[in-house]
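# Observations on the model geometry
Residues per chain are reported as follows:
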Amino acid sequence: MIRSLARAASICAALAYFGPSLAFAEEVQDCGAPEGESCKVDLGEYRLLLPGPLDGGAKGAPALIHLHGAGGSGRGVLRMGEMTREALSRGFAVIAPIGLPHSATRRHRSWNFQSFDGRRDEFAFISQVLDDAADRFGLDRDRMLMTGFSIGGSQTWYLACRDHRIAAAYAPVAGGFWREHPKDCDGPVRLLHTHGWRDTTVPLEGRPLRSGARVQGDIWEGMQLWRAENGCDGLRADAFDDRGQFLLRRWTICDAGTALEFALFPGGHGVPKGWAAMALDWFEAMMEETREIR
Amino acid sequence: MGMYLRTMIAALLLTAVGGGGAVAACDPATAPCRYEMESGVYHAALPDGPGPHPALVFLHGWGGTGAATIRNKGLVSAVTDRGYAFIAPTGQPRSGGRSGASWNSRAVTGDGVRDDVFFINTVLAHASKTLDVDRDRVLIGGFSGGGMMSWRIVCDRPETAAAYAPISGLMWRPLPEVCAGPAKLLHTHGWADPVVPMEGRSVAGGRITQGDLFVGLNLLRDAFACRADPPTDTELRGGYWRRAWTNCAPGAHLELAIHPGGHSIPKGWSKMALDWFEATQAGAEAIR
């Protein structure tokens, strides 16, 4: 029902874009703004910021999706000043899917990526969000960069692993696979992982939680799987950069159309200053290349 | 006078071991000397002053020699100026008529192949007798292939030295299932090292493959009985990105120092390594 309403809305939106009438020119987003109602899909809710009016800057815009960390919220994501400014000024929408309250504590909103045991299938949920945002607001479904912080970063790894086609590229921060790491993923990815050297909440080596009931994985080890998925020749990174505060390593001798990078920064558990610009530079350069190939 | 006597004793001992006249005339406190044993050769330079001396044993890279290592004045004098003996053993001649030497860091056995873990222990026994090196205050370091040899020693016979400081060298694939026991180790690596990258690399036409640094560190955390995988301390200091594991077996200590550079002994390494060595020795419970 909600789904069909969303479709109807998107048809209206399409008419708004392509119809000759100027009556819709001032149309503003009907849901998802920081104030007011969230946007609803079958499996949940999201919020978003658009880079311009529906028949202007938002039309065909690429999007940065950001999955909040544990205890975060959609509104919180839209308040991430540096990231949203960086994205909007480049003409990106910012999409903030909203996690469900933690099943045990019923408090912190989080993501469920390991076993479903009756809980939400986050892959299905995020797919609905992205399709809905594309339909409803006319965003470019083929130019979506999936990002996330902490457990939202982990969720990003799992989405990419489940089916890499859910987004054009992935830029997780401070979160990766959990134990047991997946043995295999679905095909190649374009992924830039960013992590703090001094992160003690999700350390690079991982950490056991709740007396070892769940164990965060090892980021270095996780990168091995992406190298394999991307068909990288050999083990080593073959390009290095020392840009600003970031130490970057890049695997470039890999299958065409793939990308794999690892950015280390000196800080702790957080989204570092300069990350959004770095991730968007990386994504835009890739999209530019893709267009040239086409 | 005391130094003269020690030199005389050293000369006599060496002559007894079979050193030539040139060796007998050498005074390691004034210039590096060459020492020949049945199982191989090492060079050494001593600090001023009386022993017993703490020592840095520095293992050369692929194609290097102890003779060439001891000519690295910057490195050697930085170490001897701090009161350490500098000991530079030489690996086995490389195959295929290539000059220089290499270490048996994969612990290959067979005819004419030296057990280099045993060899380094022999060097230390010799140096403690001959040069008044304090057997309990030895740091084994090495670069590239010498770093790999350092990992081999710490994994197979951790009691060989008080601590280890490999640079730009790691274990080979397949890594051992386990390492023998706890030790102290500071590993230094260049983020942009293309020769021995942190992830490892296939060499010799793909016949052998270097290991992954982080898998190796994990193996040492197990051997050192560290209580958790995440580090207990992380910091950026003096151009190095450091992380340390100190919640391990009594006296064990594991530390990683990454620098932004490539395959090299980074600037300031000997100071960092000896500062670390002294800090971890001071008040440390004996594990040997």
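Residues numbered from 1 in each chain as written. Chains lettered and ligands numbered in written order. Predicted model: local features only at pLDDT ≥ 70, side-chain atom pairs only at ≥ 80, totals over all residues.

### Things to note about the overall build of chain A
- Counting its secondary structure elements, chain A contains 7 helices and 14 strands.
- Going through the 294 residues of chain A one by one, you find that 48% of them count as buried. (Helix = DSSP H or I, 4+ residues; strand = E, 2+ residues; numbered from the N terminus. Buried ≥ 20, exposed ≤ 12 C-beta atoms within 10 Å, placed from the backbone.)

### Description of the overall build of chain B
- Counting secondary structure elements, chain B contains 8 helices and 15 strands.
- In chain B, the share of contacts with a sequence separation of at least 24, taken over all contacts with a separation of at least 6, comes to 64%. (Contact = placed C-beta atoms within 7 Å.)

### What to know about the interface of chain A and chain B
- Listed by partner, the interface residues are 19 residues for chain A and 16 residues for chain B.
- Of all elements in the fold, only α6 (219-229), β12 (239-243) and β13 (246-251) of chain A reach the threshold of two or more residues within the side of chain A that touches chain B.
- Partitioning the side of chain A that touches chain B into residue classes produces 8 nonpolar, 3 polar and 8 charged. (Nonpolar A, V, L, I, M, F, W, Y, C, P; charged D, E, K, R; others polar.)

### Looking at the pairing of strand β4 (residues 93-97) of chain A
Residue and element names in this part refer to chain A.
- By the criterion of burial, β4 is predominantly enclosed, with 5 of the 5 residues buried.
- Across the two faces of β4 the burial is the same, with Ala93, Ile95 and Pro97 and Val94 and Ala96 all buried.
- Where strand β2 (residues 44-49) and β4 come together, 4 bridges link them in antiparallel fashion. Bridging across to β4, Tyr46 finds its partner in Pro97.
- The pairing of strand β3 (residues 63-67) with β4 spans 3 bridges and is classified as parallel. Of the residues in β4, the one forming a bridge with Ile65 is Ile95. (Pairing = 2+ DSSP bridges.)

### Examining the sheet that holds strand β7 (residues 133-143) of chain B
All names here are of chain B.
- The mixed open sheet is built from 10 strands, whose spatial order is β1-β2-β4-β3-β7-β8-β10-β15-β14-β13. The strands lining the two open edges of the sheet, one partner per strand, are β1 (33-37) and β13 (233-237). Mean inter-strand twist for the sheet, computed between neighbouring axes without regard to direction, equals 20°.
- Set on the sheet, helix α4 (residues 73-80) makes contact with β2 (40-45), β3 (53-59) and β4 (85-89); between it and β4 the angle comes to about 140°.
- Sitting on the sheet, helix α5 (residues 116-130) touches β1, β2, β3, β4 and β7, and the angle it makes with β7 is about 135°. (Axes fitted to C-alpha atoms, helices over the stretch in contact; angles between N-to-C directions.)

### Quick word on the nonpolar core
- With 162 residues, the main nonpolar core has Ala93 and Leu145 of chain A together with Ala44 and Phe86 of chain B as its most contacted residues.
- The element best represented in this core is helix α7 (residues 275-293) of chain A, accounting for 7 residues.
- Non-local contacts of Phe86 of chain B, meaning those with residues more than four positions away in its chain, are made with Ala44, Ala45, Leu56, Phe58, Ile70, Val76, Val79 and Thr80 of chain B. (Core = buried A, V, L, I, M, F, W, Y, C linked by C-beta atoms within 7 Å.)

### Details of the packing of α5 of chain B against helix α6 (residues 145-156) of chain B
All names here are of chain B.
- Look at α5 against α6: their axes get within 10 Å of each other, and the N-to-C directions meet at 90°. Put simply, α5 runs roughly perpendicular to α6. Facing Asp116, Val117 and Ile120 of α5, the residues of α6 in contact are Met149, Arg152, Ile153 and Asp156.
- Here the residues of the contact of α5 with α6 sort into 4 nonpolar, no polar and 3 charged. (Parallel < 35°, antiparallel > 145°, perpendicular 65-115°, else oblique.)

### A closer look at the confidence of the model for chain B
Residues and elements named next belong to chain B.
- The pLDDT averaged across chain B works out to 91; a share of 90% of its residues lies at or above 70.
- In this model residues 1-23 is a low-confidence stretch, pLDDT under 50, and it forms 23 contacts with partners more than four residues away in sequence or in other chains.
- Overall fold confidence for the complex sits at a pTM of 0.88, while the interface term, ipTM, reaches 0.84. (pLDDT = per-residue confidence, 0-100.)

### Comments concerning helix α3 (residues 81-89) of chain A
All names here are of chain A.
- Those residues of α3 that sit buried are Met83, Thr84, Glu86 and Ala87. Summarising the axial view, the buried residues of α3 lie within an arc of 165°, below the 170-degree limit, and thus occupy one face. Of the exposed residues in α3, those oriented more than 90 degrees away from the buried face are Gly81 and Ser89.
- A positive backbone phi angle near 85° is found at Gly91, which sits one or two residues after α3. (Arc of directions from axis to C-beta.)

### Examining the environment of Val28 of chain A
Residue and element names in this part refer to chain A.
- Among the structural elements, Val28 can be located in the loop between α1 (2-18) and β1 (39-41).
- Given 8 C-beta atoms within 10 Å, Val28 falls into the exposed group.
- Sequence-wise, Val28 and Ser127 are 99 residues apart; in three dimensions their C-alpha atoms are separated by 24 Å.

### Remarks on α4 of chain B
Residues and elements named next belong to chain B.
- Listed as buried for α4 are Leu75, Val76, Val79 and Thr80. With its buried residues spanning 120° around the axis, α4 presents them on a single face. Away from its buried face, by an angle of more than 90 degrees, α4 presents the exposed residues Lys73 and Gly74.
- Turning to α4, the residues buried within the fold contact β2, β3, α3 (66-70), β4 and α8 (269-281).

### Here's the deal with the confidence of the model for chain A
Residue and element names in this part refer to chain A.
- When pLDDT is averaged along chain A, the result is 89, and 87% of the positions lie at 70 or above.
- Low pLDDT, under 50, characterises residues 1-7; the predicted model gives this stretch 9 contacts beyond four residues in sequence or across chains.
- In the model, residues 10-25 has pLDDT below 50 throughout and makes 15 contacts with residues more than four positions away in sequence or in other chains.

### Structural notes on the sheet that holds strand β11 (residues 202-203) of chain B
All names here are of chain B.
- The strand order across the open sheet built from 3 strands is β9-β12-β11, with neighbouring strands paired in antiparallel fashion. The two strands at the open ends of the sheet, each matched to only one other strand, are β9 (172-173) and β11.
- Where β9 and strand β12 (residues 208-210) come together, 2 bridges link them in antiparallel fashion. Directly across from Arg173, in β12, lies its bridge partner Thr209.

### Quick look at the pairing of β7 of chain B
Residue and element names in this part refer to chain B.
- Relative to β7, β3 runs parallel, the two being bridged by 6 bridges. Residue pairing in the sheet places Leu56 in a bridge with Leu139 of β7.
- Examined bridge by bridge, β7 and strand β8 (residues 163-167) share 5 bridges and lie parallel to one another. For Gly142, the partnering residue across the bridge sits in β8 and is Pro166.
- Read from β7 through α6 to β8, the crossover connection turns out right-handed. (Right-handed = clockwise from strand over helix to strand, strands pointing away.)

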